[in-house]
Structure formats: structure tokens, C-alpha cells
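Coordinate analysis (summary)
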Amino acid sequence: MNTELKSAVMATDRDAQYDNSAKRLIAHKIILARILVKTVEEFKGMDPLEVAALIEGLPYISAVPVEPGLTNAVHFQNGQRLVGFNTENQELNEGLVRFDIVFYVRMKDGLSQIIINVEAQKDEPGEYEILNRAVFYVSRLISSQKERDFENSSYDDIKCVYSIWICMNMEENTMGHIHLTKEDLIGSYEWKGNLDLLNIIMIGLAKELPEHDETYELHRLLGALLSRELTVDEKLDIIGKEYDIPLEENFRKDMSTMCNLSQGVKEEGIAIGRAEGEAGLITKMYKNGLSIELIASATDKTIEEVKTIIEGKEKSQEA
């Protein structure tokens, strides 16, 4: 494998590890609680520590498939049939699209529950419109509840769901709430039911970290957490001092891992850039009539290395 390709593979692997590390960091209950306090009406104004205590169990991280028919799994306990989220046989289902983070949280009454999905995106995708994907995800969170959270025709037992999307590298800091509304076309009959069952929250994070104020409090926190530029100490300083978040050892460890991976991705990117720049220069010299021997001498490479680079560039252009 040539150096350029090897560097690209390593960078891709580091990038995937970075994404997984970022998800684990966001999935800490105190961070999820901070998100809920700013996005879910039920929890607005609450102490994040109180909200964190309402999150049930451990959030599922990249473990639950989105695809219809695969979100749930049937289990048997003491002879009783139980239906829950499908988190088994991940190796067999490798390559499936999965929810980034999914969890249940109890409401303030301590009885009713809602289902939360958090998705982290490095930027707004170009191959599809992101809101369409968010609609699909939130619809799956509704439809997958059948036989898991309600049975047969007990539609009144459907739990409210939120799909919260964090999109980085946007032009400005934004937040939007997409949900069902009723528009009377003829008459004004009050149909029974809950319009609040389906909710999408879109959070756009600007490239520049905003100042800490009430409006952009969540944006600054998430921007600092997910930044590829800030050091571990800079991030911990913002999180600990400005947000008074307990910096437990596992939180520090996840933060350090993500920052190390971020630095690795940056270094690999620089290496690829240099390799591409050098290859371009060699190709240009060859097209301008310089002999392979002279190019090899000028670039401190062997004749075989120069030939390989030139042939590789010509094949890529033909493709």
C-alpha cells in the first residue's frame, strides 16, 4: 500500500474513532440533561442534575438499528415474552445505520416517559436534505413503539419522542423546533389526540465558539465539547468553570481520547495534503518536459518512486 493511500485509510479510521468518541462524550447524562433543559419544554428551567437523575439506565450509543424490522428484539424472561430495543448481534448487522444515542427519560411526575434520540453531524450533508432524514428517524421512534411500549390498538399509550440533531460547522448558531400543528380548513372541530408526540430539534453550531450568555449557553457547551481546535485543558476549563459540570474521571478520559484522536486526524490530513502536493508537483515537472531522472534527483526520490507517482496520477485522471 502506498504512503498516500495508507495515510488516507489511517485518517478515515481515526475519523470514525473520533465520531464514536464524540458520541460517548455527549451521552454522559449530565451533558444530555443540559441538552434537554434547553430543548424539551417539560424540563426547561430545571436544574440539570435533577434532569440527569430522570434519565433511565445507560443511553444506547450506536447500538440500535434504524431500519424497519430491526429496531426491536424479542426476549424471553421467566417464560414471558418481552420486546425491547435490539442491541444484539451487532457484528452480524455490521454496516447498518444506527441511532447515535437513544434513551428513555421520565417526566417530572415520575411516571410517564418520553424517548429521546440525539444525532451528531460534522456538517450538513450534501447527498440528502437532513430534515428528511430527521423525519424518518422520529417516525421510526414512533412506529417502533408498537409491541414494545404499547400493544395492539392502544395508541393512547404512544410515548412522546424527540429527535435532536446537532450539526457542526454551520454559518451561524441556530435552533429550531419542528413539530405537528393543526390548521382548520373548514370548521374548527377539536379532534382528540396529542399533537406533541413527534418533535424534531435542529441545533446548528457555528464554526466560531460564541460568548457565554443565556441565548447561546448550549451552543457554547456543545461547541467546546466537539471542537477539534481546543485542547483538553481548554475544554475542561470551559466545562468545569463556566457550567459547573462535575469532571469525573470517566468524563476526563473520554475528553482526552477525543482530543487525541482529533489531533491524529489533523496530522494525517496534513500528511495527505503534503503527499498530494508533492505528487502534483512531480506530475507538473514531468508534463513540462523534465526527465524522470532529473525529477528524482530534484525531489530526493528514486526513479521507481517517481514513475509510480506519475503512473498513479495518469490512471486517476483516466478514471
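Our structure's up above, just so we're on the same page.
I will try to describe carefully the structure that is included in this document.

This part takes up the nonpolar core. By size, the foremost hydrophobic cluster in this structure holds 48 residues, and its most contacted members are Phe43, Ile116 and Leu225. Among the elements that line this core, the one with the most residues is helix H2 (residues 29-39), at seven residues. Apart from the residues lying within four places of it in its own chain, the contact partners of isoleucine 116 are Leu36, Val40, Ile101, Val102, Phe103, Val105, Tyr162 and Ile164. Grouped together as the second largest cluster of nonpolar side chains are 21 residues, Val138, Leu141, Phe150 and Val161 included.

Inspection of the entire model under this criterion finds seven aromatic pairs. With centroids separated by 6.4 Å and ring planes inclined at 65 degrees, the aromatic side chains of phenylalanine 136 and tyrosine 137 adopt a geometry described as edge-to-face. Overall, the relative accessible area of 2% leaves tyrosine 137 in the buried class. On the basis of an interplanar angle of 70 degrees and a centroid distance of 4.6 Å, the ring pair of tyrosine 189 and tryptophan 191 is categorised as edge-to-face. Clustering of aromatic rings is evident, with ring pairs tying together Phe99, Phe136, Tyr137 and Trp165. Looking at arginine 148, its charged tip hangs above the ring of phenylalanine 85, at a distance of 4.1 Å from the centre.

Right, let's get into the environment of proline 246. Of note, proline 246 is situated in the loop between helix H6 (232-243) and helix H7 (249-287). When the C-alpha atoms of proline 246 and isoleucine 30 are compared, they prove to be 8.5 Å apart, with 216 residues separating the residues in sequence.

Below, the discussion takes up helix H4 (residues 130-143). Helix length check: H4 (14 residues) gives 20 Å between terminal C-alpha atoms against 20 Å at 1.5 Å per residue, within 8%. Considered for burial, the residues of H4 that qualify are Ile130, Ala134, Tyr137, Val138, Arg140, Leu141 and Ile142. Those residues of H4 that are buried are in contact with strand E5 (113-121), strand E6 (160-170) and strand E8 (198-206).

Turning our eyes to something else, we now look at the pairing of E8. It is a general feature of regular strands that their side chains alternate between the two faces of the sheet. For E8, the tally of buried residues reaches seven of nine residues, placing the bulk of the element in the interior. Relative to E8, E6 is paired through eight bridges, and the arrangement is parallel. Bridged to valine 161 within E8 is leucine 198. As judged from the six bridges shared by strand E7 (residues 174-179) and E8, these two strands associate in the antiparallel manner. The residue of E8 that forms the bridge with histidine 179 is asparagine 199.

Turning to the sheet that holds E8, a few remarks are in order. Pairing in this open sheet of six strands is mixed, and the strands run E1-E4-E5-E6-E8-E7 from one edge to the other. Two strands in the sheet have a free side with no partner beyond their single neighbour: strand E1 (60-61) and E7. Pairing of E1 with strand E4 (residues 101-106) involves two bridges; the strand directions are antiparallel. Paired with tyrosine 60 across the strands is valine 102, a residue of E4. Against the sheet, H2 makes contact with E4, E5, E6, E7 and E8, and its axis sits at roughly 105 degrees relative to E6, the strand it touches most.

What follows is about the pattern of salt bridges. Taken as a whole and judged by the stated rule, the model has eleven salt bridges. Note that glutamate 217 and lysine 38 form a salt bridge whose closest N and O atoms lie 3.1 Å from each other. Of this pair, glutamate 217 sits in helix H5 (residues 217-226) while lysine 38 sits in helix H2, and the two are 179 residues apart along the sequence. Given a relative accessible area of 26%, lysine 38 falls into the partly exposed group. We note a salt bridge from arginine 220 to glutamate 242, for which the minimum N-O separation is 2.7 Å. Remark: glutamate 242 occurs in helix H6 and arginine 220 occurs in helix H5; sequence separation between them is 22 residues.

Calculation rules
- Residues numbered from 1 in each chain as written.
- Predicted model: local features only at pLDDT ≥ 70, side-chain atom pairs only at ≥ 80, totals over all residues.
- Heavy atoms only, no water.
- Core = buried A, V, L, I, M, F, W, Y, C linked by side-chain atoms within 4.5 Å.
- Buried < 20%, exposed > 50% of the residue type's maximum accessible area, 1.4 Å probe, protein only.
- Helix = DSSP H or I, 4+ residues; strand = E, 2+ residues; numbered from the N terminus.
- Contact = heavy atoms within 4.5 Å.
- Phe/Tyr/Trp six-rings, centres within 6.5 Å; stacked < 30°, edge-to-face > 60°.
- Lys NZ or Arg CZ within 6 Å of the ring centre and 35° of its normal.
- Expected span 1.5 Å × (residues − 1).
- Pairing = 2+ DSSP bridges.
- Axes fitted to C-alpha atoms, helices over the stretch in contact; angles between N-to-C directions.
- Salt bridge = Lys/Arg side-chain N within 4 Å of Asp/Glu carboxyl O.

Don't take any of this as a statement about function, it's just geometry.
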